[in-house]
Amino acid sequence: MKEDVVVYKGDAEKYDCGYKLEEGMLPKGETDQGYYLSGLTEFFKSHSDLIKEEDYQEFSKLVDIDSVRDYFAAQIWMNNKWDWPGKNWTMWKTIKTDVSNPYADGRWRLCFYDLDFGGISGAWSAYDNTIQADNYKEYGLLDMDTKNPAVLCFAYLMSNEGFRGSFKQRITEFDKGIFEKNAATKACERYLSIYQPLY
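Rules used in this analysis
- Residues numbered from 1 in each chain as written.
- Predicted model: local features only at pLDDT ≥ 70, side-chain atom pairs only at ≥ 80, totals over all residues.
- Heavy atoms only, no water.
- Helix = DSSP H or I, 4+ residues; strand = E, 2+ residues; numbered from the N terminus.
- Buried < 20%, exposed > 50% of the residue type's maximum accessible area, 1.4 Å probe, protein only.
- Polar contact = N/O pair within 3.5 Å; in protein donor to acceptor, adjacent residues only side chain to side chain.
- Salt bridge = Lys/Arg side-chain N within 4 Å of Asp/Glu carboxyl O.
- Phe/Tyr/Trp six-rings, centres within 6.5 Å; stacked < 30°, edge-to-face > 60°.
- Pairing = 2+ DSSP bridges.
- Axes fitted to C-alpha atoms, helices over the stretch in contact; angles between N-to-C directions.
- Contact = heavy atoms within 4.5 Å.
- Core = buried A, V, L, I, M, F, W, Y, C linked by side-chain atoms within 4.5 Å.
- Arc of directions from axis to C-beta.

Trainee: How would you explain the side chain of Asn148 if you had to name every residue and give the values?
Mentor: Structurally, Asn148 is set in the loop between strand E4 (109-111) and helix H4 (149-157). On the basis of relative accessible area, Asn148 is assigned to the buried category, the value being 4%. At 3.0 Å, the side chain of Asn148 forms a polar contact with the backbone nitrogen of Ala150.

As structure tokens, this is what we get:
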């Protein structure tokens, strides 16, 4: 149910802590904006990486690892630069579990919004390294010192050898599948046929 879902949106420039509770209500008397993230932030405080399999498995109870993998693989593949990952990231989870719904398991998942700087902005950006050239380095958003929970999820997961292999494989699958030129062109043409008449 809608009232069982909490959503955080991030913007390092706009919010003091870098994010805000976008959907969902804090419990009565609670003022900490990061209340629902507390389990995750405590994990980050008590673990320095996910090299050990037992730590990786413990983390997987808090976060849908496939969601993080696919989200970051797609963002990097699409070359979403400038606005991301310092802002325009979203995390959500259910605060009640429902065994009949595989997404209502109380684990954090990432989702997209605002991809307007994604893609190629001209010949000069065709070979941009999205992560290396990110302009949010000043906020410490690309390492484990960041307070950005979305980036921390990815940074911690990348410390695990098995995850790194899965991540590499997923980007390769994107290359040959959903983002392959002909498949992507067909998808764009389909959306164009729907939305162009509205102009």
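Moving on, there is more to tell.
Trainee: Any chance you could break down the pattern of salt bridges for me, citing the residues and the numbers?
Mentor: On inspection of all chains with the given rule, the structure shows 11 salt bridges. Between Asp70 and Arg69 there is a salt bridge whose closest N-O contact spans 2.8 Å. According to the relative accessible area criterion, Arg69 is buried, its value standing at 13%. Residue Asp105 pairs with Arg107 through a salt bridge whose shortest N-O separation is 2.9 Å. Assessed through its relative accessible area of 27%, Asp105 is described here as partly exposed. Each of the salt bridges in this network shares a partner with another, and the network as a whole consists of Asp66, Arg69, Asp70, Arg170 and Glu173.

Trainee: Give a detailed account of the packing of aromatic side chains, specifying residues and quantitative values.
Mentor: A full pass over the atoms with the stated rule returns 17 aromatic pairs. Taken together, a centroid distance of 6.2 Å and an interplanar angle of 45° make the contact between Phe44 and Phe59 tilted. Of this pair, Phe44 sits in helix H1 (residues 38-46) while Phe59 sits in helix H2 (residues 53-59), and the two are 15 residues apart along the sequence. Phe59 matches Phe44 in its accessibility class, with the two residues each being buried.

Trainee: Residue-level account of the sheet that holds strand E1 (residues 5-11), with values.
Mentor: Here we have 4 strands laid out as an open sheet, ordered E2-E1-E3-E4, and antiparallel in their pairing. If you trace the sheet from one side to the other, it starts and ends with strand E2 (19-23) and E4, each paired once. For this sheet, the mean inter-axis angle between neighbouring strands, taken without regard to orientation, is 30°. Taken together, the 4 bridges between E1 and E2 define a ladder with antiparallel strand orientation. Across the sheet, Lys9 pairs through a bridge with Lys20, a residue of E2. Relative to the sheet, H4 contacts E2, strand E3 (87-94) and E4, its axis offset from that of E3 by approximately 80°.

Trainee: Explain the environment of Gly18 to me, using residue names and the numbers behind them.
Mentor: Turning to its location among the elements, Gly18 is positioned in the loop between E1 and E2. By relative accessible area, Gly18 is classed as buried at 14%. Distance from Gly18 to Asn148, taken between C-alpha atoms, is 6.8 Å for residues 130 residues apart in sequence. Not counting the four nearest positions on each side in its chain, Gly18 is found in contact with Lys9, Gly10, Asp11, Ala12 and Trp89.

Trainee: Describe in detail the nonpolar core, supporting the description with residues and values.
Mentor: Formed by 34 residues in total, the largest nonpolar core has its most connected members in Leu40, Phe59 and Trp108. Looking at this core, the elements that each hand over two or more residues are E1, E2, H1, H2, helix H3 (65-77), E3, H4 and helix H5 (161-176). What Trp108 contacts, discounting residues up to four positions off in sequence, is Val6, Tyr8, Tyr36, Leu37, Leu40, Leu62, Val63, Asp64, Met91, Trp92 and Lys93.

Trainee: Can you explain H1? Please cite residues and give values.
Mentor: Leu40, Phe43 and Phe44 are the residues of H1 that are buried. The buried side chains of H1 occupy one side of the element, clustering within an arc of 100° when seen end-on. Pointing more than 90 degrees away from the buried face of H1 are the exposed residues Lys45 and Ser46.

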